[in-house]
Amino acid sequence: SEYLKKEQQLSHDGLIEERLQLWQEAAAKYPNNHTCLRYYANALWKVRYLDSIPLDIRTEYLGKSIAINKRLVEEADDLSVRFGALQILVFSLSDPSFPFADEEQAVYYAGLAPSFSCSRELFFERAYFTKENKEKSIGICHQNILSMFDYASHRIRTQSWATPEERIEACETVVKL
């Protein structure tokens, strides 16, 4: 659609406020289109740390994003829309910088997501099972392993550890792997 083409360009250019305007228009035009609502909720969520927008407006936008994402969790049949809404809900409800932080709700919505072992990346490893696609399966497996190490490395760098000793222990664990 024309909205998705514009989204791609605006996102690529880092134009957050313009993305918000685009999806606000799309959601007004198509109020029951879950894809439009997903992008709108995401655009509302993305402005939460833009200093160019007053804090009270950013807080209002985050509240709207939360409400839309809760609706999407209830209504969406498209799993990517539903799981994207869950992700933003967990991130939003676990952000103590805003008044919506609610650990109990964040845990509730996190529990609605499938387990790590139910990801498409892991499913693709198994889905390619013929001799012709053995190489593809192996390549996906290797990519998944690299992604997991990348994730572990990222978490070690960004996790707020209680003590330096805990960070060292986490690094040593990754090295052992």
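Numbering of residues starts from 1 in every chain and runs along the sequence as written. It should be noted that, the model being predicted, local features are given only for residues of pLDDT at least 70 and side-chain atom pairs only at 80 or more, the latter also being counted only at that level, while totals for whole chains, interfaces and linings use all residues. The side-chain quantities take in all heavy atoms of the structure and omit both hydrogens and water.

Enquirer: Sorry if this is basic, but what is going on with a nonpolar patch on the surface here?
Expert: Candidate patch residues must exceed 30% relative accessible area and have no salt bridge, after which like charges are joined if within 9 Å and Val, Leu, Ile, Met, Phe, Trp or Tyr side chains if within 5 Å. Note on areas: these come from Shrake-Rupley sampling with a 1.4 Å probe, and a residue is covered only by the protein chains present in the view. By salt bridge we mean one thing: a side-chain nitrogen of Lys or Arg within 4 Å of a carboxyl oxygen of Asp or Glu. Taken together, the side chains of Ile145, Phe149 and Leu177 make up a nonpolar region of the molecular surface, amounting to roughly 300 Å² of accessible area. Helix and strand assignments follow DSSP, with helices taken as H or I runs no shorter than four residues and strands as E runs no shorter than two, numbered in order from the N terminus. Inspection of the secondary structure assignment puts Phe149 in helix H8 (residues 134-158).

Enquirer: Even after reading the chapter, I still don't get the pattern of salt bridges, so can you show me in this structure?
Expert: According to the stated counting rule, one finds 5 salt bridges in the structure shown. With a shortest N-O distance of 3.6 Å, Lys6 and Glu2 are connected by a salt bridge. Of the two residues, Lys6 and Glu2 are both situated in helix H1 (residues 2-12); the distance of 4 residues between them amounts to about one turn of the helix. Exposed residues in this analysis have more than 50% of their type's maximum accessible area, buried residues have under 20%, and partly exposed residues fall in between, with area computed by a 1.4 Å probe over protein chains only. Judged by relative accessible area, Lys6 falls into the partly exposed class, the value being 40%. The class of Glu2 is partly exposed, set by a relative accessible area of 49%.

Enquirer: Sorry, what's going on with the nonpolar core here?
Expert: Generally speaking, soluble globular proteins have nonpolar side chains that are buried together. Residues Leu20, Trp23, Tyr40 and Ile68 are the most contacted members of the largest nonpolar core, which totals 32 residues. For this core, the secondary structure elements donating two or more residues are H1, helix H2 (16-29), helix H3 (34-46), helix H4 (55-75), helix H5 (79-93) and helix H6 (103-112). Element by element, the count of residues in this core is highest for H3, at 7 residues. With residues near it in sequence (within four places) discarded, Leu20 still touches Tyr40, Ala43, Leu44, Val47 and Tyr61. Buried Ala, Val, Leu, Ile, Met, Phe, Trp, Tyr and Cys residues form a nonpolar core when they are joined through side-chain atoms within 4.5 Å. Contacts are residue-level and defined by heavy atoms, with any inter-residue pair within 4.5 Å sufficient.

Enquirer: How should the layout of surface pockets be read in this particular structure?
Expert: Remark: the empty space left among the atoms is shown by a probe the size of a water molecule rolled over them. A pocket, in this scheme, is an open set of points on a 1 Å grid over the protein atoms alone with protein on both sides within 12 Å along at least 5 of 7 lines, while a cavity is a set where a 1.4 Å probe fits but cannot get out; residues line either one if an atom lies within 4 Å of a point. Grid points are joined across faces, edges and corners, and a volume is the space filled by probe spheres set on the points. The space that makes up the largest pocket amounts to roughly 770 Å³. Lining the largest pocket are 18 residues, with Phe83, Gln87, Ala113, Pro114 and Ser119 sitting closest to its centre. In this count, Pro and Cys sit with the nonpolar residues alongside Ala, Val, Leu, Ile, Met, Phe, Trp and Tyr, while Asp, Glu, Lys and Arg are called charged and the others, Gly among them, polar. Within the lining of the largest pocket, the residues separate by chemical class into 11 nonpolar, 5 polar and 2 charged. Taken as a whole, the second largest pocket encloses approximately 260 Å³ of empty space. As for the second largest pocket, its lining consists of Phe116, Ser119, Glu121, Leu122, Asn144, Ser147, Met148 and Tyr151.

Enquirer: Explain the side chain of Arg58 here, please?
Expert: Checked against the element boundaries, Arg58 lands in helix H4. Just so you know, the count uses Lys and Arg for positive and Asp and Glu for negative, and it drops His and the chain ends. This buried residue, Arg58, is left without a salt bridge; Asp51 holds the nearest opposite charge, at 4.1 Å. Excluding anything up to four places from it in sequence, Arg58 contacts Val47, Arg48, Tyr49, Leu50, Asp51, Ile53 and Phe98.

Enquirer: So what exactly am I meant to see when it comes to the packing of H5 against H6 here?
Expert: For every element, the axis is a line fit to its C-alpha atoms; helices are fit only across the contacting stretch, and the angle between N-to-C directions ranges from 0 to 180 degrees. Relative to each other, H5 and H6 sit at 160°, their axes nearing to 8 Å. Relative to H6, the element H5 lies roughly antiparallel. Every pair of crossing elements has a handedness; the one defined by H5 and H6 is left-handed. Together, Phe83, Leu86, Leu89, Val90 and Leu93 of H5 and Glu103, Gln105, Ala106, Tyr109, Ala110 and Leu112 of H6 make up the contact between the two elements. When the residues that make up the contact of H5 with H6 are grouped by side-chain class, the tally is 9 nonpolar, 1 polar and 1 charged. Under this scheme an angle from 65 to 115 degrees is roughly perpendicular, one under 35 degrees roughly parallel, and one over 145 degrees roughly antiparallel; angles in between are oblique. Definitions for this section: a left-handed crossing has its near helix turned counterclockwise from the far helix by less than a right angle. A right-handed crossing has that turn clockwise.

Enquirer: Any chance you could explain the packing of aromatic side chains here in plain terms?
Expert: Geometrically, a pair of aromatic rings is defined through the distance of the ring centres and the angle of the planes. Between the rings of Phe, Tyr and Trp (Trp by its six-membered ring), a pair exists once the centres lie within 6.5 Å; its type follows the angle of the planes, with under 30 degrees stacked, over 60 edge-to-face, and the other angles tilted. Under the definition given, this model contains 7 aromatic pairs. Through successive ring pairs, a cluster of aromatic residues spans Tyr3, Trp23, Tyr30 and Tyr39. By definition here, charges over rings are those cases where NZ of Lys or CZ of Arg is within 6 Å of the ring centre and within 35 degrees of the ring normal. Taking NZ or CZ as reference, Arg48 lies 3.7 Å from the ring centre of Trp45, over its face.

Enquirer: So what exactly am I meant to see when it comes to H5 here?
Expert: Along an α-helix, residues three or four apart share an orientation, since each turn contains 3.6 residues. Taking 1.5 Å of rise per residue, 15 residues should cover 21 Å, and H5 covers 21 Å from first to last C-alpha, within 8% of that figure. Buried residues of H5: Val81, Gly84, Ala85, Leu86, Ile88, Leu89, Ser92 and Leu93, and no others. On its buried face, H5 sits against H3, H4 and H6. One less than the residue count of a helix, multiplied by 1.5 Å, gives the span that helix is expected to have.

In short, the description is geometric, and any link to function would need to be established separately.
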